[in-house]
Amino acid sequence: MEDQELLSKIHNPETRNYGFNMLVRAYQQRVYWLVRKMVIDHDDADDITQEIFIKVHKSIDGFRGDSQLFTWIYRIATNECLSYLSKKKRRFFIPIEDIGVQLAAKLDSSPHITGDDIQIKLQKALLTLPHKQRLVFNLKYFEDMPYEEMAKVTNTSVGALKASFHHAVKKIEDFLTKD
Amino acid sequence: MKRLDDISKKNIFEVPDGYFDKLALQIQSKTEKTNYVSKQWITRSFSLKYVAPAFIIVFALIYFFKAEEVQSPEEILASVPTEHLAAYLSDSDLNMYDLLSVIKFDEADADSLSKRVHSKFDLNESDINEYKRILEYEL
């Protein structure tokens, strides 16, 4: 179903629930995987994904169509992820490196993670990056999102995103080379 | 140096079986609750916006009219201390004759006032004769 059709169903009170259910089914996987790569743990990702769609539901009437529907949903999702991680840091007074250590430990212990050693190591390398830089890396490397769209999602200039991605790649390759 | 290009882009994360079917249903049940809560909030905000002010106005009107019924001008005046009234009257332009002209005396009031005035004087026969003589002279 096209975005315009989804939106017209959501804006019609008689088909609102059906339309929103269609929207969730259309975008839930992409949102979930974005969140999961940021928070690693399935239960956390599950909670945050639900929270994101509740926020989408609350503010969908204010969506003016200035950007693509998915870009708008992704903006809510990225804000929610970054907010979750910074809240976690503030709540437990944890330095950013230690959050990385905690999340890396989940990579080893979580039942819903597979992959060979080098892929696990790549994820651990990512966890040494600042949250926003990790987000930029995930969007570019795993989702192949164009910089222009990423700029709309993250509200950052294309130049800054390119620089951030370039530095992230360098740090990751250094990490992979260390051991 | 190990290069990123050498690593496959496989997604290493997994979800429990049937997770995404359940996720859509969970979100749906939560958003329907949100709809219910927001409908309740609309009702509540309607009551706050219109019903509450209407109640306040009704109570204010009842209080206003009741207050008028209870407190007549005479009652309000009765609550003012006598010395305040005396101070007000002494500062005003009203003289004794103006005041007497607005007070409606009947015969009983006149007798009562006369007794109260005369009880304050301790006059003997010669004082009375002197008083009569002065009145005759002045009139």
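Residues numbered from 1 in each chain as written. Chains lettered and ligands numbered in written order. Predicted model: local features only at pLDDT ≥ 70, side-chain atom pairs only at ≥ 80, totals over all residues.

1. Digging into the nonpolar core
All names here are of chain A. This is how the line gets drawn: Any set of buried Ala, Val, Leu, Ile, Met, Phe, Trp, Tyr and Cys residues joined through C-beta atoms within 7 Å is what this text calls a nonpolar core. With C-beta atoms placed from the backbone, a residue counts as buried when 20 or more other C-beta atoms lie within 10 Å of its own, as exposed when 12 or fewer do, and as partly exposed for counts between those limits. Helix and strand definitions here come from DSSP, where helices need a minimum of 4 consecutive H or I residues and strands a minimum of 2 consecutive E residues; each element is numbered from the N-terminal end. Contact between two residues is assigned when their C-beta atoms, built from the backbone, lie within 7 Å.
By size, the foremost hydrophobic cluster in this structure holds 43 residues, and its most contacted members are Val31, Val35, Ala77 and Cys81. Ranked by the residues each element gives to this core, the list is headed by helix 2 (residues 16-39), at 10 residues. Apart from residues lying up to four places away in sequence, valine 31 is in contact with Thr49, Ile52, Ile73 and Ala77.

2. Quick look at the interface of chain B and chain A
Interface size, as often reported, equals the accessible area lost upon joining of the parts. Threshold: Gly counts as polar in this scheme, as do all residues outside two lists: the nonpolar Ala, Val, Leu, Ile, Met, Phe, Trp, Tyr, Cys and Pro, and the charged Asp, Glu, Lys and Arg.
Chain B puts 23 residues into the contact, and the matching count from chain A is 31 residues. Here the side of chain B that touches chain A is composed, by residue class, of 11 nonpolar, five polar and seven charged.

3. Structural notes on helix 7 (residues 131-142) of chain A
Residue and element names in this part refer to chain A. This is how the line gets drawn: How far a helix is expected to stretch is found by multiplying one less than its residue total by 1.5 Å.
A rise of 1.5 Å per residue sets the reference length of helix 7, with its 12 residues, at 16 Å; its end C-alpha atoms lie 16 Å apart and thus fit the reference within 8%. Turning to helix 7, its buried residues are His131, Arg134, Leu135, Val136, Phe137, Asn138 and Leu139. Once helix 7 finishes, aspartate 144 follows within two positions and takes phi at roughly 55°, a positive value.

4. Structural notes on unusual backbone geometry
Residue and element names in this part refer to chain A. Despite not being glycine, isoleucine 40 has its phi angle at roughly 70°, a positive value. Examined against the element boundaries, isoleucine 40 turns out to sit in the loop between helix 2 and helix 3 (42-59). A positive phi angle, close to 55°, is found at aspartate 144, a residue other than glycine. Mapped onto the elements, aspartate 144 comes out in the loop between helix 7 and helix 8 (147-154). Given 8 C-beta atoms within 10 Å, aspartate 144 falls into the exposed group.

5. Brief notes about the environment of valine 39 of chain A
Residue and element names in this part refer to chain A. Along the chain, valine 39 falls in helix 2. Considering only alpha carbons, one finds valine 39 and histidine 131, 92 residues apart in sequence, at a separation of 9.9 Å. Not counting chain neighbours up to four residues away, the residues in contact with valine 39 comprise Asp44, Ala45, Ile48, Cys81 and Tyr84.

6. A look at the confidence of the model for chain B
Residue and element names in this part refer to chain B. As a reminder of what qualifies: Scored between 0 and 100, pLDDT is the confidence that the predictor attaches to each residue.
The pLDDT averaged across chain B works out to 77; a share of 81% of its residues lies at or above 70. No element of chain B has a lower mean pLDDT than helix 4 (residues 96-102), which averages 72, and none a higher one than helix 3 (residues 82-91), which averages 80. Reported confidences for the modelled complex are a pTM of 0.65 and an ipTM of 0.82.

7. Digging into the packing of helix 6 (residues 117-126) of chain A against helix 9 (residues 158-178) of chain A
Residues and elements named next belong to chain A. Note the threshold: Fitting a line to C-alpha atoms yields each axis, with helices limited to the stretch in contact; the angle taken between N-to-C directions then spans 0 to 180 degrees. Under this scheme an angle from 65 to 115 degrees is roughly perpendicular, one under 35 degrees roughly parallel, and one over 145 degrees roughly antiparallel; angles in between are oblique. Crossing handedness is defined as follows: a turn of the near helix away from the far one that is anticlockwise and smaller than a right angle gives a left-handed crossing, while the clockwise case is right-handed.
At a minimum axis separation of 9 Å, helix 6 and helix 9 run at an interaxial angle of 130°. Relative to helix 9, the element helix 6 is oriented oblique. The crossing of helix 6 and helix 9 is right-handed. Packed against helix 6, whose contacting residues are Lys121, Leu122, Ala125 and Leu126, the element helix 9 presents Ile172, Phe175 and Leu176 at the interface. For the contact of helix 6 with helix 9, the class distribution of residues is six nonpolar, no polar and one charged.

8. Focus: the environment of leucine 82 of chain A
Residue and element names in this part refer to chain A. Tracing the sequence through the fold places leucine 82 in helix 4 (residues 69-91). As for leucine 82 and valine 39, which are separated by 43 residues in sequence, their C-alpha atoms are 9.5 Å apart. Apart from the residues lying within four places of it in its own chain, the contact partners of leucine 82 are His131, Lys132 and Leu135.

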